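Coordinate inspection notes
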Number of protein chains: 2
Amino acid sequence: MVVSGPSGTGKTTLCRKLCEEGEAIFSVSCTTRAPRPGEVDGKDYFFLTEDDFVARIGRGEFFEHANVHGRRYGTLKSYVTDNLKRGIDVLMDIDVQGAVQVRACDDALVQRCLTQVFVLPPSLDELNARLSGRGTESAEAVALRMKNAADEVEHWPRYDYALVSGSREEDYARFKSILVEQRMRVPLAV
Amino acid sequence: MVVSGPSGTGKTTLCRKLCEEGEAIFSVSCTTRAPRPGEVDGKDYFFLTEDDFVARIGRGEFFEHANVHGRRYGTLKSYVTDNLKRGIDVLMDIDVQGAVQVRACDDALVQRCLTQVFVLPPSLDELNARLSGRGTESAEAVALRMKNAADEVEHWPRYDYALVSGSREEDYARFKSILVEQRMRVPLAV
């Protein structure tokens, strides 16, 4: 399950809660940046060298990857497909560019399982109020997030589901229903 | 939403609760049997004369209809489509034969909205225990219900969703998720 949406919509909280309830696991990404204190290899990230990362790009091992100010980030196909084969749902909290790459993945299992959710703010005004209300960021940082949000929300029609954020409890009930519903689908093959 | 399944699976309770919460309405059927004390025309049933009912069959007005020991029962297409056009979800608690007729309906709006749920008992042994446990029916009546159930459950692969009954609370959460999930689907037309 790919989950995208501007920051301030609560999408990461939704993903975390689903994992805490044991309904799914978070995808563990790879990165070439150095581990921060307390970060565990294989849990927070798979820490790779630049050479290893680039070689894996060459072998087409990544589902999606990006270079952010010289540090590489990416999700291995094998990590996702190994879990799917074991019947475990995998969440990917990624931006709209990452989602474009996942959508283009030619793995049949991934395409059969892929579900894309876009979490939308009730309105951009409300998003602004939420981000400002956090009080953790400067007015400039909030303005930048708002500009990014305005660009990002244009992408919702390419997703399978649009979840317009309301109250936290309602959002979670609706988010979880996307997973629960799919588990009851009668396979087309029957 | 068409809901089928053997009696004893709690499907009627699931439908009722969804209606009580205002998420959907029950479809009101037509019948040629006489109203029982307290029954209200247009609420419990639409009470029709035999001639009227047969004329409506001739005009293809029914979604599904059946003749049970000389009394006719049926659901009008217009009742369902009028509600769907107003954005109201309609529940039909009908048997597998009725579902076959609904599936064959050529109304485009109905086909676009149609969702079929089959509520399965965890096992036939468990269903037997539940039906016997009610204590409201003779052993013969339970045996007949069990025989019907064994025939009915063969039909689940033709439905969109299979809900295997567990606890009442879990069943309801899963049942409701089928409706909730669909309301978040990004229309294919976008």
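Residues numbered from 1 in each chain as written. Chains lettered and ligands numbered in written order. Predicted model: local features only at pLDDT ≥ 70, side-chain atom pairs only at ≥ 80, totals over all residues.

1. Some words on the overall build of chain A
Looking only at helices and strands, chain A features 8 helices and 9 strands. On C-alpha atoms alone, chain A measures out to a radius of gyration of 17 Å, which is about the 16 Å that the 2.2 N^0.38 rule sets for 190 residues. Projected onto the principal axes, the alpha-carbon positions of chain A cover approximately 45 × 45 × 30 Å. Relative to its full complement of 190 residues, chain A shows a buried share of 29%. (Helix = DSSP H or I, 4+ residues; strand = E, 2+ residues; numbered from the N terminus. Rg over C-alpha atoms; globule rule 2.2 N^0.38 Å. Buried ≥ 20, exposed ≤ 12 C-beta atoms within 10 Å, placed from the backbone.)

2. Quick look at the relation of the copies chain B and chain A
Rotating chain B by 180° and moving it 0.0 Å along the rotation axis overlays it on chain A with an RMSD of 0.0 Å. Those values place the two copies in the arrangement expected of a two-fold rotation axis. Among all residues of chain B, the one whose C-alpha sits closest to the rotation axis is Ser177(B), at a distance of 2.3 Å. (Least-squares fit on C-alpha atoms with pLDDT ≥ 70 in both.)

3. Details of the domain arrangement of chain A
Residues and elements named next belong to chain A. The domains assigned to chain A are domain 1 (1-24 + 89-183) and domain 2 (28-87). Taking the mean C-alpha position of each, domain 1 and domain 2 sit 21 Å from one another. Between domain 1 and domain 2, the residue contacts involve 12 residues of the former and 9 residues of the latter. Looking at the side of domain 1 that touches domain 2, the elements that each hand over two or more residues are strand S7 (90-93), helix H4 (96-103) and helix H5 (108-113). (Domains from an automatic or database assignment. Contact = placed C-beta atoms within 7 Å.)

4. Considering the interface of chain B and chain A
At the interface, 15 residues of chain B touch 15 residues of chain A. Elements represented by at least two residues in the side of chain B that touches chain A include exactly strand S9 (161-164) and helix H8 (168-183) of chain B. Ranked by the residues each element gives to the side of chain B that touches chain A, the list is headed by H8(B), at 5 residues.

5. With respect to the sheet that holds strand S2 (residues 25-26) of chain A
Residue and element names in this part refer to chain A. The strand order across the open sheet built from 5 strands is S2-S7-S1-S8-S9, with neighbouring strands paired in parallel fashion. On the outer flanks of this sheet lie S2 and strand S9 (161-164), each paired with one strand and no other. Where strand S8 (residues 116-120) lies against S9, 4 bridges are found, and the strand directions are parallel. Following the sheet pairing, Val117 is matched in S9 by Tyr161. Along the sheet, H4 makes contact with strand S1 (2-4), S7 and S8, crossing S1 at roughly 155°. (Pairing = 2+ DSSP bridges. Axes fitted to C-alpha atoms, helices over the stretch in contact; angles between N-to-C directions.)

6. Observations regarding the packing of helix H6 (residues 124-134) of chain A against helix H7 (residues 139-152) of chain A
Residue and element names in this part refer to chain A. Two elements in contact, H6 and H7, have axes separated by 10 Å at closest approach and are oriented at 150°. Both H6 and H7 take part in a crossing whose hand is right-handed. Between H6 and H7, the contacting residues are Leu124, Leu127, Asn128, Leu131 and Ser132 on the first element and Val142, Arg145, Met146, Ala149 and Ala150 on the second. Among the residues forming the contact of H6 with H7, the class breakdown is 7 nonpolar, 2 polar and 1 charged. (Left-handed = near helix turned anticlockwise from the far one by under 90°. Nonpolar A, V, L, I, M, F, W, Y, C, P; charged D, E, K, R; others polar.)

7. Observations concerning the sheet that holds S9(B)
All names here are of chain B. Judged by pairing direction, the sheet is parallel, and its 5 strands sit side by side in the order S2-S7-S1-S8-S9 without closing on themselves. Edge positions in the sheet fall to strand S2 (25-26) and S9, since each has one partner strand and no second. Each of strand S1 (2-4), S2, strand S7 (90-93) and strand S8 (116-120) is contacted by helix H1 (residues 11-20), which is oriented at about 165° to S7, the strand it contacts most.

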